[in-house]
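# Descriptive analysis of the structure
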Amino acid sequence: MGLMSATIIDGAALAEREKQSIHQRVNRLAECGRRPALTAVLVGSTPAGELYANRQRQACENVGIKYELRKLPSDTSPRAAAELLQSLTVDPAVTGIMLHLPLPPQLDATELQYKIDPVKDVEGVNPANIGYVVYGHTLIAPCTALAVIELIESTGVSLRGAEAVVVGASEIAGKPIALLLTQRLATVTLCHIETRDLKSHTRRADVLVVAAGKAGLIGADHVKAGAIVIDVGINRITLADGSKKTVGDVDFEAVREKAAYITPVPGGVGPMTVAMLLKNTLRSAELLERR
Ligand code: NAD
């Protein structure tokens, strides 16, 4: 370990702590007969989709959340998919709803996400929920963005007035991350594929969040000494010997010598995102209580 080596933010350990507190709050709701119940919709079964859904079931059941998977055939019509989401929205036994992506080509994700009751929208993907974040009345915020904020806040470093740079501007990751950072009063720069001279931006960052989906995009040169670096990227790469490995968008070994804090991949944003899905599911159930 070098003299200046960064503190590694242990997302897996933080997620575990988070889950313990979620479990306690779930138990309290369950005692009043209001156990949170998440229904996930999977259209068209793939091995990856099934694997992800199984892990999700395990994660829910570990904290006492009831989990149901509703599988639809891959040739499901837009109308049938919308009808299922609407029926879940009005079903009082269902407190949370999520739609697995990707969808088959005949189905439009955004259109279907609109059909999910904003209060039951545990992924925070209904446009209404993004809107509430913009207006400062957050109901349910997107999971990955929440995970990023919690990881930054775990360092104890304040976001207020900090230079925050986000690389990647997708609807699922970069844009919501930039929104939540703005809400916490950081000065935010949002970079994307058309950004000229990426390095000139990232080098100014006190907090650098990378969500581009490109292995090795961020090297030591891109990082200011003492920065907090949060790596959202998940990339499967093939090594020289033919074996496969999961890496982020940040050159971890190089950047850890320069940053003050860094998240690993795997074991950083990934497990925290799962914890935030559980936290949102709990929040949905609590919000429904007050309705
Ligand atoms: P996306 O492809 O939808 O968006 C990528 C964004 O990065 C775009 O805005 C694009 O302009 C930008 N970008 C791409 N290459 C760039 C470059 N060379 N320089 C600057 N900007 C560049 O991807 P996404 O769905 O937002 O996901 C991004 C990454 O984050 C992926 O690796 C994905 O697997 C990962 N991800 C992880 C989690 C998690 O929970 N850990 C959640 C969501 C996404």
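A brief look at the structure comes next. (Residues numbered from 1 in each chain as written. Predicted model: local features only at pLDDT ≥ 70, side-chain atom pairs only at ≥ 80, totals over all residues. Heavy atoms only, no water.)

A few words on the sheet that holds strand β11 (residues 261-262). In space, the six strands of this open sheet follow the order β1-β11-β8-β7-β5-β6, with parallel pairing throughout. The open sheet is flanked by β1 (7-8) and β6 (187-191), the only strands paired with a single partner. Bridge count for strand β8 (residues 228-231) against β11 is two bridges, and the pairing is parallel. Each bridged residue has a counterpart across the sheet, and for Ile 228 the counterpart in β11 is Tyr 261. Here helix α7 (residues 174-183) sits on the sheet in contact with β5 (163-167), β6 and β7 (207-210), set at roughly 170° to β6. (Pairing = 2+ DSSP bridges. Helix = DSSP H or I, 4+ residues; strand = E, 2+ residues; numbered from the N terminus. Contact = heavy atoms within 4.5 Å. Axes fitted to C-alpha atoms, helices over the stretch in contact; angles between N-to-C directions.)

Glancing now at the site of the ligand. With respect to spatial proximity, 21 residues lie near the ligand, and among them Ala 169, Ser 170, Ile 193, Ile 234 and Thr 273 are the closest. Within the backbone of Ile 193, a nitrogen or oxygen atom sits 2.9 Å from an oxygen atom of the ligand. Contact distances for the ligand include 3.0 Å between an oxygen atom and a side-chain N or O atom of Thr 273. When the free accessible area of the ligand is taken as 860 Å², the share hidden by the protein chains comes to 70%. Among the elements that make up the shell around the ligand, the one with the highest residue count is helix α10 (residues 269-290) (three residues). (Near = heavy atom within 4 Å. Polar contact = N/O pair within 3.5 Å; in protein donor to acceptor, adjacent residues only side chain to side chain. Areas by Shrake-Rupley, 256 points an atom, 1.4 Å probe, with all protein chains shown as cover.)

The contact between helix α6 (residues 143-153) and α10 brings their axes to 8 Å, and the two run at 115°. Put simply, α6 runs roughly perpendicular to α10. Of the two possible hands of crossing, α6 and α10 adopt the one that is right-handed. Every residue of α10 that contacts α6 at Cys 143, Thr 144, Leu 146, Ala 147, Val 148, Glu 150 and Leu 151 is listed here: Val 269, Met 272, Thr 273, Met 276, Leu 277, Lys 279 and Asn 280. Taken together, the residues that form the contact of α6 with α10 break down as nine nonpolar, three polar and two charged. (Parallel < 35°, antiparallel > 145°, perpendicular 65-115°, else oblique. Left-handed = near helix turned anticlockwise from the far one by under 90°. Nonpolar A, V, L, I, M, F, W, Y, C, P; charged D, E, K, R; others polar.)

Before going further, it helps to examine the pairing of β6. Relative to β6, β5 runs parallel, the two sharing five bridges. Bridge pairing links Val 166 to Leu 190 in β6. In the classification by handedness, the crossover that spans β5, the intervening α7 and the parallel β6 is right-handed. (Right-handed = clockwise from strand over helix to strand, strands pointing away.)

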